[in-house]
Amino acid sequence: MFEPITKRSKMVVRPDTIGEIVRLAFKYAENEKPGATHIDLPVNIAKMPVPEHEKPLKKKIAPKEYAELDTVQDAAGLIFQAKNPVILAGSGVVRGHAAQALTEFAMKLKIPVINTMMAKGVIPLDNKYSMWTVGIPQKDYQNKILEEADLVIAVGYDIVEYAPAKWNPEGKVQIIHVDMRPAHINKLYQPEVEVVGDISDSLLQIGRRTARHQEPEKALEIKACMVAEHESYAGDTSFPMKPQRILQDVRKVMGKDDIVISDVGAHKMWIARHYQCYEPNTCIISNGFATMGISVPGAIGARLVYPDKKILAICGDGGFMMNCQEFETALRAKTPFVTLIFNDSSYGLIKWKQMDQYHKNCYVDFTNPDFVKFAESMGAIGYRIEKAEDLVPTLEKAFQQKVPVIIDCPVDYSENTKLTAHLEELMKEL
Ligand SMILES: Cc1ncc(C[n+]2csc(CCOP(=O)(O)OP(=O)(O)O)c2C)c(N)n1
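These figures come from a predicted structure and were not determined experimentally.

Within the protein chain one finds 18 helices and 14 strands. Whereas a compact globule of 430 residues would reach a radius of gyration of roughly 22 Å, the protein chain reaches 23 Å, a difference of no more than 12%. Considering only intrachain contacts with a sequence separation of at least 6, the fraction spanning at least 24 residues in the protein chain is 70%. A total accessible area of about 20900 Å² is found for the protein chain, and carbon and sulfur atoms account for 55% of it. The protein chain carries 52 positive and 56 negative side-chain charges, and their two centres are separated by 3 Å.

Here it is, written out as structure tokens:
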């Protein structure tokens, strides 16, 4: 049962094999691409003594592997010849600790960087070449930049993060794959060159062997429009609050290395679009399977690892209701963090999809409990936002509390379908 959903599944049938089974389970789990492994320990075996001389196997750090020189040279050549190269950075950059190398590479070669949702912060949001995040279902500014590209340098990118059909629909774009593992290819992802090895080293080596002096004018123009659009919401006082304004306010309160954990829903699409980061692992987004309910338990985990950082779970009311019982865990484990609920009494993302496709919606609305009273009943603190100006001071107050806090924030999701219409127009204009 566990084999198809784990990287390795083993049953312990003799007590003297436990050491190697456990070590191997961790080795498989931690190796690229990391994932769950499973050990089945039958009750009768668990009762048996492990022989005295059997000790746990030691963990050894795997040596770094470096890319072959000819692949580095081929990549350098393609970059030299390209007119409009674009970097598409995925979560391998985060896992491979290659954010700094990526930023230096982009700056040296003047290549714009688009990151996936799971690679937020691999280039600081205020870096000139950072083109922010791709991944919402609609075509956005980033897709326009990718459409202009004649070469995509996919760094730490995995096709499950953002399907190649979305950025290379005709399979015409040249691709360089830079990662710790060979590419998982498909019809639309067949790299010209695969530079496989330590990502930071690969980027350094490629960067040394090529040069570019041309600024990516078109991408920078598109970025200026994008920044202007984002900034136009800063002073929006409408209520219920627009998602764009909520996330601007969140960015103001969160420090550069504080952590946002996103749940799954329309709010995640807005976070992808409107909350950019300075550092990797400062905005955790559950993508791929995209499981609702991750944000509250995720925030407990983040808080346990980083007791001194501000930890903010952002979720929809639907996702919150799926795992809100974990507030008991949070209180018991003494993990204060803040949960910001985008309250629309609906499965907002599903409503958005229904509206885009059928122009009507059904079976997505529901009634919420009083989230402030819910918080209080659990021994936590609850605040309700009643006007847009209240959000920043409420967040600041919430982060000073010694127990978990829930902020109930009514959101104006009429912005969802407006965004669809706006992006359709924008794609014609740009
Ligand atoms: C566990 C789980 N169940 C169902 C889904 C499918 N799904 C994706 S988004 C969504 C609605 C999310 O609603 P809500 O949490 O209220 O957030 P909003 O979209 O309103 O921001 C659903 C049902 C999912 N991703 N994960």
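Picking up where we left off.
Now for the packing of aromatic side chains. Counting across every chain of the model gives 11 aromatic pairs. Pairing F320 with F374 gives two aromatic rings, centres 5.7 Å apart and planes at 85 degrees, and the pair type is edge-to-face. Of the two residues, F320 sits in helix α13 (residues 317-323) while F374 sits in helix α16 (residues 371-378), which places them 54 residues apart along the sequence. When its relative accessible area of 2% is taken as the criterion, F320 is described as buried. Exposure remark for F374: the relative accessible area of 17% places this residue in the buried category. Each ring, one from F342 and one from Y413, has its centre 6.5 Å from the other, and the planes form 40 degrees; the classification is tilted. Of this pair, F342 sits in strand β12 (residues 338-343) while Y413 sits in the loop between β14 (405-410) and α18 (414-429), and the two are 71 residues apart along the sequence. Across this residue pair, the class does not change: F342 and Y413 are buried. Put simply, the rings of F320, F327, F337, F371 and F374 pair up and form one aromatic cluster.

This part covers the sheet that holds strand β7 (residues 174-179). The strand order across the open sheet built from 6 strands is β5-β4-β3-β6-β7-β8, with neighbouring strands paired in parallel fashion. Across the chains shown, the open sheet's two edge strands, defined by having one partner strand only, are β5 (130-133) and β8 (193-196). Here the strands of the sheet are splayed against their neighbours by 20 degrees on average, with no regard to which way each runs. Sheet topology places strand β6 (residues 151-155) next to β7; 5 bridges connect them, and they run parallel.

With that settled, consider the site of the ligand. Near the ligand lie 19 residues; those nearest to it are A266, H267, A290, G319 and Y413. One of the side-chain nitrogen or oxygen atoms of H267 is found 2.8 Å away from an oxygen atom of the ligand. Contacts to the ligand include M292, whose backbone N or O atom sits 3.1 Å from a nitrogen atom. For the ligand, whose unbound accessible area comes to 590 Å², protein coverage reaches 78%.

A grouping of M1, F2 and I5 is seen on the molecular surface, where their side chains present a nonpolar patch of about 400 Å² in accessible area. Here I5 is to be found in the segment before β1 (9-11). Residue class for I5 comes out exposed when judged on its relative accessible area of 66%.

What follows is about the packing of helix α15 (residues 348-358) against α18. Their axes nearest at 9 Å, the elements α15 and α18 cross at an angle of 45 degrees. It follows that α15 is oblique to α18 by the angle criterion. The interaxial crossing formed by α15 with α18 has right-handed handedness. Contacts between α15 and α18 involve G348, W352, M355 and D356 from the first element and N416, T417, L419 and T420 from the second. Along the lines of polarity and charge, the residues of the contact of α15 with α18 split into 3 nonpolar, 4 polar and 1 charged.

What follows covers the sheet that holds strand β13 (residues 381-384). Through backbone hydrogen bonds, the strands of a sheet pair up, either in parallel or in antiparallel fashion. Spatial ordering of the open sheet is given by β10-β9-β11-β12-β14-β13, a layout of 6 strands whose pairing is parallel. Every interior strand has two partners, whereas the edge strands, β10 (283-285) and β13, have only one. Between one strand axis and the next, the sheet turns by 20 degrees as a mean value, whatever way the strands run. With respect to the sheet, helix α10 (residues 243-253) is in contact with β9 (259-262), β11 (311-316), β12 and β14, its orientation differing from that of β12 by roughly 170 degrees.

Attention now goes to helix α5 (residues 99-109). Taken together, the buried positions of α5 are A99, A101, L102, T103, F105, A106 and L109. Those residues of α5 that are buried are in contact with α3 (69-81), β3 (85-89), α4 (91-95), β4 (113-115), β6 and α8 (199-208).

Two side chains that carry opposite charge are able to pair once their charged atoms sit near each other. This model, assessed by the stated rule, comprises 21 salt bridges. A salt bridge links R245 to D249, with the nearest nitrogen and oxygen atoms 3.1 Å apart. Residue R245 and its partner D249 are both found in helix α10; the two are separated by 4 residues, about one turn of the helix. Taken individually, R245 and D249 each receive the classification buried, so the pair is uniform in this respect. Shared partners join several salt bridges into a network, and the residues in it are K33, D158 and R181.

Moving residue by residue along a regular strand, the side chains alternate between the two faces of the sheet. The buried fraction of β11 amounts to 6 of the 6 residues, a majority that puts the element mostly inside the structure. Taking every second residue as pointing to the same face, both faces of β11 are buried, with I311, A313 and C315 on one and L312, I314 and G316 on the other. Bridge analysis of β11 against β12 gives 5 bridges, and the strand direction is parallel. Counted as the bridge partner of A313 is T339 from β12.

What counts as what
- Residues numbered from 1 in each chain as written.
- Predicted model: local features only at pLDDT ≥ 70, side-chain atom pairs only at ≥ 80, totals over all residues.
- Heavy atoms only, no water.
- Helix = DSSP H or I, 4+ residues; strand = E, 2+ residues; numbered from the N terminus.
- Rg over C-alpha atoms; globule rule 2.2 N^0.38 Å.
- Contact = heavy atoms within 4.5 Å.
- Areas by Shrake-Rupley, 256 points an atom, 1.4 Å probe, with all protein chains shown as cover.
- Lys, Arg positive; Asp, Glu negative; His and termini not counted.
- Charge placed at Lys NZ, Arg CZ, Asp CG, Glu CD.
- Phe/Tyr/Trp six-rings, centres within 6.5 Å; stacked < 30°, edge-to-face > 60°.
- Buried < 20%, exposed > 50% of the residue type's maximum accessible area, 1.4 Å probe, protein only.
- Pairing = 2+ DSSP bridges.
- Axes fitted to C-alpha atoms, helices over the stretch in contact; angles between N-to-C directions.
- Near = heavy atom within 4 Å.
- Polar contact = N/O pair within 3.5 Å; in protein donor to acceptor, adjacent residues only side chain to side chain.
- Patch = residues over 30% accessible without salt bridge, like charges linked within 9 Å, V, L, I, M, F, W, Y side chains within 5 Å.
- Salt bridge = Lys/Arg side-chain N within 4 Å of Asp/Glu carboxyl O.
- Parallel < 35°, antiparallel > 145°, perpendicular 65-115°, else oblique.
- Left-handed = near helix turned anticlockwise from the far one by under 90°.
- Nonpolar A, V, L, I, M, F, W, Y, C, P; charged D, E, K, R; others polar.

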